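Coordinate inspection notes
Single-letter residue listing:
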There are 2 protein chains.
Amino acid sequence: MDEMFETVVENIKTLLRDKNWAKLKIILEDMNEQDIAELFMELEERELTLIYRLLPKELAAEVFVNMEPEYQEALIRAFSDSELREVLDELYVDDAVDMIEEMPATLVKRILNHTDPEMRKSINEILRYPEDSAGSIMTTEYVDLKRNMTVSDAFTRIRRTGSDKETIYTCYVTDSKRKLKGVVTAKELLLSDENNLIRDIMETNLISVTTMEDKEVVADLFQKYDFLALPVVDTESRLVGIITVDDAIDVLQEETTEDIEKMAAITPTDKPYLKMGVTETWKKRFPWLLLLMVSATFTGKIIQHFQNALQTYVILTSFIPMLMDTGGNCGGQASVTIIRGLSLGDIEFGDIFKVIWKEFRVAILCGITLAVANFFKMMIVDRVGIVVAAIVCGTLVMTIIIAKFIGCTLPILAKALHLDPAVMASPFITTIVDALSLLVYFNIAKLTLNI
Amino acid sequence: MDEMFETVVENIKTLLRDKNWAKLKIILEDMNEQDIAELFMELEERELTLIYRLLPKELAAEVFVNMEPEYQEALIRAFSDSELREVLDELYVDDAVDMIEEMPATLVKRILNHTDPEMRKSINEILRYPEDSAGSIMTTEYVDLKRNMTVSDAFTRIRRTGSDKETIYTCYVTDSKRKLKGVVTAKELLLSDENNLIRDIMETNLISVTTMEDKEVVADLFQKYDFLALPVVDTESRLVGIITVDDAIDVLQEETTEDIEKMAAITPTDKPYLKMGVTETWKKRFPWLLLLMVSATFTGKIIQHFQNALQTYVILTSFIPMLMDTGGNCGGQASVTIIRGLSLGDIEFGDIFKVIWKEFRVAILCGITLAVANFFKMMIVDRVGIVVAAIVCGTLVMTIIIAKFIGCTLPILAKALHLDPAVMASPFITTIVDALSLLVYFNIAKLTLNI
């Protein structure tokens, strides 16, 4: 597939060099807009602006939407005013907003100057909403119907206004004050008698969000209710826009990436890895490393405290990495499972005791299995005395119990305190478990060996 | 919200106890099917079977689909044959398959005996596809049109057959041999002249998948192309079913959960945490812990090898946890970023040198920042000699470079070898980086201190 793509790119480049416009047109017209966008992003800027002009108007706008901001910017700079206006006319409001958010201020001005006044108003309105709000991802282009319309009136309205709307499959019924009164799907309209009134077939038991709702909540609603679109209302229940399922999927994926980054002790970002500069990447990573490094001081202090014991029994030192790693891994397993469960809504605060009791039993099972395996390994491979083996294995069981306990409780407590549970993943858990497991280790050793 | 839900549950329970059927009916009819399902799952089995019978037929089936398998099972056991048949009649094929996959064999037999022959055939067909294939998540209920139909014929067909179809918004055009020839959306139909022929308005540049395609690939296609539905064909390009966007979202979420579990060294499962037994949870976790524990033997051996050096300079021991943790965290940051980038398609094998070069520069920056901070900390807080501080900080820089290098290359190499990159996350990286960083540490110490 990837090789095929390379071949197509080479082919296109040759045709461009030969100025074979006719053949290029035929090839492009047979392709999907997303694929054309990917193809175009492989070209030089000069080639891009040339070939872009070969696309029919509507396809051109669709391709434009699917390109990365830097290529959109290059195109806009190359556009004449009338070309710019043509592309802008074809864009949906939410796509226009996405684009504008990535452009330098001078270009934004030029873009807004060439959009028609109504669209400009919508764009400005959406740009005002905070980054993570429902308002910022909505579009203001939806089909609105009135309660006293018949099904046949509704079809007339859809046919007249539908071509500019992002979806016509969910239609919104509003009153004279623009308050949302109901929704009706295109399926219901198609399967209804033409003379039925909208008020009689519309669904009035509505689920909507306000403009300031967190977009993560919006994405969860889509997942739970299998919506294709969701209405967005202002504080006075007036309909101001809708969010469509494709945007909700993007939010779901972004939020998951953020969670995963936080779990790995990275400040989240919405830029793809390869687009991020080195210093930017460093800034997202080193504060966490520094914090965790400094926290490891406690662990160091504990070792220093038991320095004499270690000098007498140096062999004890060699099991520190194994104990620390196993503790970290056990804590990581528990915390990551709980964090994901919380974010999918499978686990809630009320489940905390159920979770602890379960993790306790899992810890006992894991502890015994690993301790038995480790005991034989230590006796046969490491050839240590039975006392040392017993100390290490006893610590192992305790470490696993502590790790699972901390791993499962911290994320739930974080959630209860309205902090992000994802931060309570392996790195933090490991740092805490390290210190505790060493304390257990050295104290058991001290008591047993009478140091 | 949660408290409100509790109140509703209590309210419903009281009404049930008072046998106030009329009021119950009114409350339920105003609720969403998903919410009713959640409410019902809070009730006792006896209450559930009572209240379920109050729902109107169509709503009853929708509520049924949204319940967890164990509650569906309880209901099916309580149903009379005619009640069972009524629910089954209302189910979409893919929902029926999902349900059957979770039922015990005896119930499956009873269910299949009460589905109509055509649906039974479809169910059996879908059940035959492997668990992760496109075939296993498709539905066989779609609207099919013919090329020589007019738009008005198409509407007649949609009105006649549409009520049983999972979506009517994408219609599929097939020839007499059931080969897929084109698709046309309801939007295009609605915005077209009634007398246009389907062959003239249909899209012929099609994206479809075969029944055996990995469902992860299917989910990625939905995300890339913003589809509402995707056709599934057999090896001879005959249309056998479609996959809708709601099912694709579920796959996306499942696949992400699996990735996250693998990154935390857990064998993935599709069961929610609270539904999994203790031994089952243990089985998913301990093999990885055991493997990682045994791998830590190398680290132990390295420490044993440098036993004499450690006995002379016990202070060196106290920085082992900090070095190991920082190495693990750095490696984890790099690997998790790369794993997510690979799964989102942002990073490919061809980017490997770009990635290594970038991580190298980030590692230098992180290394210097952390080393400087650590140097001062060691001099001021730990009050160690300048030589020991230099040894530890030198090791720190080397560890970070090694960790970032291993963290970013292993996932890409795994992908190139068609292994799952997600396995190459923090736990594995940590184990490898531990051993390497200790080797560096002790060798620098030996050379510098002449032990």
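Heads up: these notes are all about the structure in this document. Worth saying up front: this structure is predicted, and the values here are computed from it rather than measured.

Conventions we followed
- Residues numbered from 1 in each chain as written.
- Chains lettered and ligands numbered in written order.
- Predicted model: local features only at pLDDT ≥ 70, side-chain atom pairs only at ≥ 80, totals over all residues.
- Heavy atoms only, no water.
- Helix = DSSP H or I, 4+ residues; strand = E, 2+ residues; numbered from the N terminus.
- Rg over C-alpha atoms; globule rule 2.2 N^0.38 Å.
- Buried < 20%, exposed > 50% of the residue type's maximum accessible area, 1.4 Å probe, protein only.
- Contact = heavy atoms within 4.5 Å.
- Salt bridge = Lys/Arg side-chain N within 4 Å of Asp/Glu carboxyl O.
- Polar contact = N/O pair within 3.5 Å; in protein donor to acceptor, adjacent residues only side chain to side chain.
- Nonpolar A, V, L, I, M, F, W, Y, C, P; charged D, E, K, R; others polar.
- Least-squares fit on C-alpha atoms with pLDDT ≥ 70 in both.
- Core = buried A, V, L, I, M, F, W, Y, C linked by side-chain atoms within 4.5 Å.
- Patch = residues over 30% accessible without salt bridge, like charges linked within 9 Å, V, L, I, M, F, W, Y side chains within 5 Å.
- Areas by Shrake-Rupley, 256 points an atom, 1.4 Å probe, with all protein chains shown as cover.
- Lys, Arg positive; Asp, Glu negative; His and termini not counted.
- Charge placed at Lys NZ, Arg CZ, Asp CG, Glu CD.
- Pairing = 2+ DSSP bridges.
- Phe/Tyr/Trp six-rings, centres within 6.5 Å; stacked < 30°, edge-to-face > 60°.
- Lys NZ or Arg CZ within 6 Å of the ring centre and 35° of its normal.

Time to look at the overall build of chain A. When you go through chain A residue by residue, the secondary structure sums to 22 helices and six strands. In terms of C-alpha radius of gyration, chain A reaches 30 Å, well past the compact-globule figure of 22 Å for 451 residues. Seen through its C-alpha atoms, chain A measures out along the principal axes to roughly 90 × 60 × 40 Å. When each of the 451 residues of chain A is scored for burial, the buried share is 53%. In chain A, the proportion of contacts linking residues at least 24 apart, taken out of those at least 6 apart, comes to 66%.

In this section: the interface of chain A and chain B. Taken together, the 114 residues of chain A in the interface contact 113 residues of chain B. The tally of links from chain A across to chain B stands at eight salt bridges. With a closest N to O distance of 3.3 Å, A:Glu38 and B:Lys224 form a salt bridge. The interface formed by chain A and chain B contains 46 residue pairs in polar contact (both at pLDDT 80 or more). Counting residues per element, the side of chain A that touches chain B draws most heavily on helix 17 (residues 278-305) of chain A, which supplies 18 residues. A class-by-class count of the residues in the side of chain A that touches chain B yields 58 nonpolar, 30 polar and 26 charged.

Right, let's talk about the relation of the copies chain A and chain B for a bit. The two copies are related by a screw operation: chain A maps onto chain B through 180 degrees of rotation and 0.0 Å of translation along the axis, at an RMSD of 0.1 Å. With respect to symmetry, the two chain copies, as superposed, fit the operation of a two-fold axis. Among all C-alpha atoms of chain A, that of A:Gln311 lies closest to the rotation axis, at 2.9 Å. With an isologous cut-off of 70% or more, the 99% of interface residues of chain A that recur at the interface of chain B puts this contact in the isologous class.

So, on to the nonpolar core. Counting residues in each nonpolar core, the largest one holds 126 residues, and the members touching the most others are A:Phe40, A:Tyr52, B:Phe40, B:Tyr52 and B:Met67. Apart from residues lying up to four places away in sequence, B:Phe40 is in contact with B:Leu28, B:Leu48, B:Ile51, B:Tyr52, B:Leu55, B:Val63 and B:Met67. Formed by 86 residues, the second largest nonpolar core is a distinct cluster that contains A:Met324, A:Leu370, A:Ile391 and A:Phe442.

Right, let's talk about a negative patch on the surface for a bit. Residues and elements named next belong to chain A. A contiguous patch of negative charge on the surface is contributed by Glu 58, Glu 62, Glu 86, Asp 89, Glu 90, Asp 116, Glu 118 and Asp 164. Of all the secondary-structure elements, those providing two or more residues to the negative patch are helix 5 (57-65) and helix 7 (81-90). Of all the elements, helix 7 adds the most residues to the negative patch, at three residues. Examined against the element boundaries, Glu 62 turns out to sit in helix 5. For Glu 62, a relative accessible area of 33% puts it in the partly exposed group.

A separate point is the sheet that holds strand 1 (residues 144-145) of chain B. Residues and elements named next belong to chain B. Across the sheet, which stays open at both edges, the three strands sit in the order 1-2-3 with mixed pairing between neighbours. Single-partner strands in this sheet number two, and they are strand 1 and strand 3 (180-185). Judged from the two bridges that link them, strand 1 and strand 2 (residues 170-174) form a sheet pairing that is parallel. In the strand pairing of strand 2, Leu 145 is matched with Val 173.

All chains considered together, the criterion is met by 34 salt bridges over all chains. Across the salt bridge formed by A:Arg110 and A:Asp81, the nearest N and O atoms sit 3.2 Å from each other. On the criterion of sequence distance, the pair formed by A:Arg110 in helix 9 (residues 105-113) and A:Asp81 in helix 7 is long-range, its members being 29 residues apart. A single salt-bridge network, built from bridges that share partners, covers A:Asp35, A:Glu38 and B:Lys224.

All names here are of chain B. Two elements, strand 2 and strand 3, share five bridges in a ladder whose sense is antiparallel. In the sheet register, Val 173 faces strand 3, and the bridge partner there is Gly 182. Between the end of strand 2 and the start of strand 3, which pair antiparallel, lie five residues, with Arg 178 showing a positive phi angle near 65 degrees.

All chains considered together, the criterion is met by 23 aromatic pairs over all chains. Here B:Trp357 and B:Phe360 contribute two aromatic rings whose centre-to-centre distance is 6.2 Å and whose plane-to-plane angle is 20 degrees, an arrangement assigned as stacked. With B:Trp357 and B:Phe360 both in helix 20 (residues 352-382), this residue pair falls three residues apart, about one helical turn. Aromatic ring contacts, followed pair by pair, group A:Tyr52, A:Phe64 and A:Phe79 into a single cluster. Of note, A:Lys358 hangs over the ring of B:Tyr273, and the distance from its end group to the ring centre comes to 4.2 Å.

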